[in-house]
Every structure is written in structure tokens, then in C-alpha cells.
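The chain contents come next:
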Amino acid sequence: MKAIIQRVTKASVTVGEEQVSSISRGLCVLLGISVEDTQKDADYMVRKILNLRLFEDENGRAWSRSVMDKELEVLSVSQFTLQCILKGNKPDFHSAMPAELAQPFYNNILEQLREAYKPELIKDGQFGAIMQVLIQNDGPVTIQLESPAGPTDPKLLSKQEKQQQRKEKTRSKGPSESSREKAALRSKADPSASSGAEGDVSSEREP
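Here the structure is a predicted model, which means the values were calculated and not measured.

S.K.: Mind showing me how you'd approach the overall build of the protein chain here?
M.R.: Counting its secondary structure elements, the protein chain contains four helices and eight strands. Mapped from its N terminus to its C terminus, the protein chain presents α and β elements in the order β-β-β-α-β-β-β-α-β-β-α-α. The 207 residues of the protein chain split such that 33% are buried. Of all intrachain contacts in the protein chain linking residues separated by at least 6 positions in sequence, the fraction that spans at least 24 positions is 68%. Total accessible area computed for the protein chain in this model is approximately 13,200 Å², and 50% of it derives from carbon and sulfur atoms.

Below is the structure:
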């Protein structure tokens, strides 16, 4: 999951000629959901949105207070284009979660934000609509976030597994490890075998 979080003096969403949502000072969050996202990704984003210290304290010290500390507003806007992958100069959105799955997933994130904070201070755009989003960035302050979920792409996982196997094979070919393994095998096979220096195979030879 990806998010662009902006500290704003005001922000609003308009669909057609109608303004559907607006906030004064607070955060405007553009949120892009991928096909691989799970509840863990949602939990991470909710926690970060509400706890990022992007505001000053009562003494004017910067980066000291979160949106919850200051009791400010949050405007969340679904933004599937954050999951864009460029093919040449053409954007491709296959990594974005399909709308029929993304809408309930996104609504769940909104509910989590409202449950963790004050529901009246969490505002929303209009999912799936062509929106005009007015953002008056304060600072400017813009934070890019990506949930730290592990890779689930089968090709990537297979590549990582092969790399790990190569590392293990390389380590197993080391002279000290190989000689220790041989000595251990001799000891198990013949307790009376020579216990000389590692790598000594004279006990394995016929007289």
C-alpha cells in the first residue's frame, strides 16, 4: 500500500460542480491499494497517518505533534494511480487492487481511522469518481509512505530462494566446514577411527 501524506492549511474534493468534502488545517492523504495488500498493510497505514509528527507543539517546536495531538482533520482520497508501473511512457495499473475489492478494503481503512480518532474529523472523497482535489500544502510538507509487507510475487520469491540456496552451497564448500563434516561422519561410523587432525583420511584407507 502506498500513501502520499500532505500537511495542509485546507483541502477539498469536488465531483462535477459539487463539493463533496473539505477540511481546514490537517492532513490530506492520497491512498493507493495494491492487489497484494492485507489487513496488516491497512493497520500500518492507519497507525502512521494518525501518529506522524508533522506539526509544531505549543512552543513552536517543529515535528513534535501528530494530527491527533492537535485535534486536526484528515481528508482521505482513494488514489489507485499511486500503484502505477510505467511501461515505457505508458502507465500500467495492473498492480492496483480491482475496484470491486478495493472499495470495501478502503472503506474498512476509513472505519479504522474513525474508530482510532474522532469520526467527525475524518473526511473522504468519492470512491471511483472523477474528482478535483484542491490541496493547499502547508510548508510544503509531503511524506511518501509504503507499507513494509514482505514480497509475495512468486517470481521474486523464487529468485530469493535460489539466491539463498546458492549462498548455502557456497558456504558448504568451505574447507573447514567440509573437513569437520568428514570427521563427524568417521566418528559416527567407527568410534575407534583415528582422531587426528581434521581432514586426515588415513583411517579410511585399507592397511
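Here the narrative resumes, following the displayed structure.
S.K.: Any chance you could explain unusual backbone geometry here in plain terms?
M.R.: Outside of glycine, negative phi angles account for most residues, and trans bonds account for most peptide bonds. Going from Gly139 to Pro140, the amide bond is cis rather than trans, its omega being 0°. As for its position among the elements, Pro140 is in strand S8 (residues 131-146). For Trp63, which is not a glycine, the phi torsion comes out positive at approximately 60°. Assignment of secondary structure puts Trp63 in the loop between helix H1 (39-51) and strand S4 (73-78). Classification of Trp63 as partly exposed rests on a relative accessible area of 49%. The phi angle at Glu71 is positive, at roughly 55°, despite the residue not being glycine. Among the structural elements, Glu71 can be located in the loop between H1 and S4. When its relative accessible area of 49% is taken as the criterion, Glu71 is described as partly exposed.

S.K.: Help me understand the environment of Val15 in this model?
M.R.: As for its placement among the helices and strands, Val15 is situated in strand S1 (residues 2-15). Spatially, the C-alpha atoms of Val15 and Val133 are 8.9 Å apart, while their sequence positions differ by 118 residues. Apart from the residues within four sequence positions on either side, Val15 is in contact with Val20, Gln126, Ala129, Ile130, Met131 and Gln132.

S.K.: Just to check I follow, could you spell out helix H2 (residues 99-116) for this structure?
M.R.: An α-helical segment advances 3.6 residues per turn. Residues three or four places apart therefore align on the same side. Over its 18 residues, H2 runs 25 Å from end to end, which matches the ideal 26 Å to within 8%, given 1.5 Å per residue. Those residues of H2 that sit buried are Ala102, Phe105, Tyr106, Ile109, Leu110, Gln112 and Leu113. Projected onto a plane normal to the axis of H2, the buried residues spread over an arc of 155° and lie on a single side. Along H2, exposed side chains directed more than 90 degrees from the buried face belong to Glu100 and Glu115. Residues of H2 that are buried sit in contact with strand S3 (26-32), H1, S4 and strand S7 (122-124).

S.K.: Explain the packing of aromatic side chains here, please?
M.R.: Note on aromatic pairs: each is described by the distance of the centres and the angle between the planes. This model, assessed by the stated rule, comprises two aromatic pairs. Look at Phe80 and Phe93: their rings are 5.1 Å apart centre to centre, the planes differ by 75°, and that puts the pair in the edge-to-face class. Residue Phe80 is located in the loop between S4 and strand S5 (85-87), and its partner Phe93 is located in the loop between strand S6 (90-92) and H2; the two are separated by 13 residues in the primary sequence. On the basis of relative accessibility, which here comes to 31%, the residue Phe93 falls in the partly exposed class. Relative to Phe127, the ring of Tyr106 lies with its centre 6.0 Å away and its plane at 35°, an arrangement referred to as tilted. Of this pair, Tyr106 sits in helix H2 while Phe127 is found in the loop between S7 and S8, placing the two residues 21 residues apart along the sequence. Look at Tyr106 and you get buried, because its relative accessible area is 1%. Taking the relative accessible area as the measure of exposure, Phe127 reaches 22% and is therefore partly exposed.

Rules used in this analysis
Residues numbered from 1 in each chain as written. Predicted model: local features only at pLDDT ≥ 70, side-chain atom pairs only at ≥ 80, totals over all residues. Heavy atoms only, no water. Helix = DSSP H or I, 4+ residues; strand = E, 2+ residues; numbered from the N terminus. Buried < 20%, exposed > 50% of the residue type's maximum accessible area, 1.4 Å probe, protein only. Contact = heavy atoms within 4.5 Å. Areas by Shrake-Rupley, 256 points an atom, 1.4 Å probe, with all protein chains shown as cover. Expected span 1.5 Å × (residues − 1). Arc of directions from axis to C-beta. Phe/Tyr/Trp six-rings, centres within 6.5 Å; stacked < 30°, edge-to-face > 60°.

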